[in-house]
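# What the coordinates show
Chain by chain, the residues run as shown.
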Amino acid sequence: MFTAAHRIIRFAPSLAVLLLATACLPPQASPGNSSPPSAPPPSSSPSASPAAPTPVATPSSSPSHAPGAAPPRDWAETVELVHSGVARLAVTLCDGGGVGTGFLVGPDLIMTAAHVAKNEAAINVSMGGQYTSATVLGINDNLDLALLRTPTALTGFRFSFARDLPAQGVEVAALGFPLDRGLAFTSGRVSALNQEVNLPAGTVGGLIQTDTAINPGNSGGPLLLMDGSVVGVVSSKRAWVLGTHDQNDYGAEGVGYAAPAPSAEAALSDWGRRTTPLPQASCDNQAQTSSSNIITTNHSDHEQAAKVIQSLLTHGQAINRAAYDTAFAVLTPELQNSEGGLAKWSSGLGTSFWRALTVNSISGSGNQLTVDTVLRTEQSAADGPGGQTCSDWGLRYKMSWDGTIWRMAEASTPAGPPKAC
């Protein structure tokens, strides 16, 4: 029988309702599904490819605009200027998870939508080849705004907010990660101002309405003017509920909403001064680590590196926060079956935590990849191999693309047993 430390490695409705634009972690795929998964999408669009890993910036080394620089002449130049400050957020909930968008507003501050960060047990951030965790400093359901803090400063474009509300008809654009794909750009115009909508968490007022295409995963991203300034934080879209029989039901296209910049800037000014984050969701009565951060280093330039690493981090953070349903969902159905189900797999995991992940290489193409890593875990001596309380594992993961996320299909230890830290 494997120790807990080894098991952690081995696996280790009405008319025109509002749909929140955040994508949830997909349910367990059916082993009997005979439809082949689609090829994994590129991690980013050609015009907005993430920058290579760079040294961590100091607060003064990541300005929103270079002094004296000419403003962008078109949207292509805008994307080139700002894309390095847009973050993909993988959010762990106690019973699932999702993907949303955020954007850098300070050296260690990321603005996003409240419904992206609400009830989070852990959040991991991917931005321009950098990977880290985040905690919530402030959240307001009535504005649909939240502010996150990362444990270290990040390198990337630092966004600033427009001083005034945009005029009706002004051209705007959104950057984000719709449908859990790569960074995408969509543009449109401001359709209306001071709109009020009903979201599951309550009524949100004062919103900007836009015909810019907004889809699940865009939530929390910036709604921009061509000069790169933020006029709104993407919130939601209006859509038709399929399957209803009300004769008044109708489809709605091009009706999206964003929280206005003045509200977001006021929230940043207030929450950004806080030093203590809000409590994270507690998922289980078993032990859980007080920090969900997993120190992450990536040495691979594979186009799927960001998605693969965030799948691994989602799994590890979920274990750290005792969100075992979410951690188990990252395994392929075949591996879930071989592990004997959730209850058996998660038994005894309460003292085992992921602390650091180094990705040395990612190889392969199509729907199957091989990932060579070094994973550091901490655990009680009773659960550690040979009584180790800190272990470094040389792990080789087989990752399988299911059409939505990279799932863990297999893990082996080609370098042999783990070494004590």
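### A closer look at the pattern of salt bridges
For the coordinates displayed, the defined rule picks out 7 salt bridges. Arg 396 is the salt-bridge partner of Asp 372, the closest N and O atoms lying 2.7 Å from each other. In this pair, Asp 372 sits in strand S17 (residues 368-378) while Arg 396 sits in strand S18 (residues 390-401), placing the two residues 24 residues apart along the sequence. Take Arg 396: its relative accessible area is 33%, and that puts it in the partly exposed class. Put simply, Asp 392 and Arg 376 hold a salt bridge, and the shortest N to O gap is 2.7 Å. With Asp 392 in strand S18 and Arg 376 in strand S17, the pair connects residues that are 16 residues apart, well separated along the chain.

### A word on the state of the cysteines
Working definition of a disulfide: a covalent bond connecting the sulfur atoms of two cysteines. Applying the stated criterion across every chain, the model contains 2 disulfides. In this model Cys 94 forms its disulfide with Cys 283; the gap between the sulfur atoms is 2.1 Å. Between Cys 94 and Cys 283, the disulfide has an S-S torsion of -80° and is therefore left-handed. With Cys 94 in the loop between strand S3 (86-93) and strand S4 (96-106) and Cys 283 in the loop between helix H4 (261-271) and strand S15 (295-298), this pair connects stretches of sequence that are 189 residues apart. On the basis of relative accessible area, Cys 94 is assigned to the partly exposed category, the value being 24%. With its sulfur 1.9 Å from that of its partner, Cys 390 forms a disulfide with Cys 421.

### Quick notes on unusual backbone geometry
A positive phi angle, near 55°, is found at Asp 144, a position not held by glycine. Checked against the element boundaries, Asp 144 lands in the loop between strand S7 (130-140) and strand S8 (145-149). According to the relative accessible area criterion, Asp 144 is buried, its value standing at 2%. Here Ala 322, not a glycine, exhibits a phi torsion of approximately 60°, which is positive.

### Observations regarding the pairing of S15
Along any regular strand the residues' side chains alternate between the sheet's two faces. Going residue by residue along S15, you find Thr 296 and Asn 298 tucked away on one face and Ile 295 and Thr 297 left uncovered on the opposite face. Summarising the sheet, S15 and strand S16 (residues 353-365) pair through 4 bridges and their orientation is parallel. By the bridge assignment for S16, Asn 298 is matched with Val 359.

### Looking at the pairing of S18
Here 11 bridges tie S17 to S18, and the two strands are oriented antiparallel to one another. Bridged to Thr 377 within S18 is Ser 391. Direction of pairing for S18 relative to strand S19 (residues 406-412): antiparallel, over a ladder of 6 bridges. For Lys 398, the partnering residue across the bridge sits in S19 and is Glu 410. Where S18 folds back on S19, the antiparallel hairpin that results is connected by 4 residues, among which Gly 403 adopts a positive phi of roughly 100°.

Cut-offs applied
- Residues numbered from 1 in each chain as written.
- Predicted model: local features only at pLDDT ≥ 70, side-chain atom pairs only at ≥ 80, totals over all residues.
- Heavy atoms only, no water.
- Salt bridge = Lys/Arg side-chain N within 4 Å of Asp/Glu carboxyl O.
- Helix = DSSP H or I, 4+ residues; strand = E, 2+ residues; numbered from the N terminus.
- Buried < 20%, exposed > 50% of the residue type's maximum accessible area, 1.4 Å probe, protein only.
- Disulfide = S-S within 2.5 Å.
- Pairing = 2+ DSSP bridges.

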